[in-house]
Amino acid sequence: MLDRQAISALEPNIIPAYSVGLLHTQTASVDSPGGVVKAYAQLLAAGGGTVRQSEVRRIAPQGDGWRVQLADGEIAARHVVVALGPWSAELLRPLGYRVPLAFERGYHQHFVPNPARKLLRPIHDAEGSFLMTPMEQGIRVTSGVELTARDAPSNYAQLESVVPMARSVVEFGDAVGERWRGARPTLPDSLPMIGAAPRHRGLWLAFGNQHIGFTTGPGTGAAIAAMIAGDTPPFDVTAFSPGRYIA
Ligand SMILES: Cc1cc2nc3c(=O)[nH]c(=O)nc-3n(C[C@H](O)[C@H](O)[C@H](O)COP(=O)(O)OP(=O)(O)OC[C@H]3O[C@@H](n4cnc5c(N)ncnc54)[C@H](O)[C@@H]3O)c2cc1C
């Protein structure tokens, strides 16, 4: 627990607006999630994997495995992992699976930092329900959650209401780039699906990581890889069984 003075000692450049704070000591943050994901792709390639970017149109059982129809070709595979985040349910529908996936949308915008008044770590303003985070592109200000259809038109009301609050805590300049919107893929119990599809051999499901998939995605991948290889996953996957929602 931090009092006003302790907050100022850690974050000397924020206006002393907070009388109490909580320092999370066992978390981490990155200033370029895209950079991290690119590094994962390089790691895969360095380990002998191939990265191919293409739109998957359909997956269908074929012989002992699967035929993956792409916008620009086709792939035959023994195993297929569906890991399309908020788009996963759509690809599974033609196979008869109705996945109860909801979308928790969120927005952010970056602002030019004042070099003399830098933010040193992510700050969550619990009362205002927003975060400010130092990123490669500048200070990122985030909205709260918006519950709606995945592709519904953007509604910037939440973001517009929190930006002035953020400005009242730390000085920053003009907006950089466009406002961003994303959709978190969330199942009713907020746990992901990690495991085999109930009715199809060689079909694996790895999605539904909701708010924390940047953090938990690598663990999801490691568990699925172990299951495909017939090894014991690195953690107990019972709670993530796809069978809890689809048959
Ligand atoms: C506003 C917001 C803030 C977040 N903040 C955090 C955070 O602070 N920490 C954290 O850990 N997580 C955070 N998350 C959650 C995290 O981003 C997701 O849980 C994570 O991205 C899920 O990873 P994924 O690989 O399963 O899916 P995604 O990252 O959504 O990747 C799915 C990919 O599949 C592609 N795709 C879809 N359909 C097709 C198709 N037919 N053919 C080919 N490709 C296709 C998409 O283009 C996409 O690249 C946040 C999410 C949002 C929206």
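The coordinates are above.
Residues numbered from 1 in each chain as written. Predicted model: local features only at pLDDT ≥ 70, side-chain atom pairs only at ≥ 80, totals over all residues. Heavy atoms only, no water.

**Student:** Is there a simple way to explain the sheet that holds strand β14 (residues 203-207) in this structure?
**Tutor:** Two pairing modes exist for strands in a sheet, parallel and antiparallel, and in both the strands are linked by backbone hydrogen bonds. Pairing within the open sheet is mixed, and its three strands lie in the order β6-β14-β13. With partners counted over all chains shown, the strands left at the sheet margins are β6 (80-82) and β13 (193-196), one partner each. Averaged over all adjacent pairs, the angle separating strand axes in this sheet is 20 degrees, with direction ignored. Bridge analysis of β13 against β14 gives four bridges, and the strand direction is antiparallel. Pairing of Met193 across the sheet is with Phe207, part of β14. (Pairing = 2+ DSSP bridges. Helix = DSSP H or I, 4+ residues; strand = E, 2+ residues; numbered from the N terminus. Axes fitted to C-alpha atoms, helices over the stretch in contact; angles between N-to-C directions.)

**Student:** Looking at this structure, how should I read the pairing of strand β4 (residues 65-70)?
**Tutor:** Put simply, side chains in a regular strand alternate between the two faces of the sheet. Bridge analysis of strand β3 (residues 56-62) against β4 gives six bridges, and the strand direction is antiparallel. Bridge pairing links Arg58 to Gln69 in β4. From the end of β3 to the start of β4, which pair antiparallel, there are two residues, and Gly63 there has a positive phi angle of about 60 degrees. By the bridge criterion, five bridges tie β4 to strand β5 (residues 73-77) in an arrangement that is antiparallel. The partner of Gln69 across the bridge, within β5, is Glu74.

**Student:** Please clarify how the sheet that holds β5 should be interpreted in this entry.
**Tutor:** Read across the open sheet, the three strands follow the order β3-β4-β5; overall the sheet is antiparallel. Looking at strand neighbours, the two that pair on one side only are β3 and β5, the edges of this open sheet. On average, each strand axis in the sheet is inclined to that of its neighbour by 20 degrees, with strand direction left out of account.

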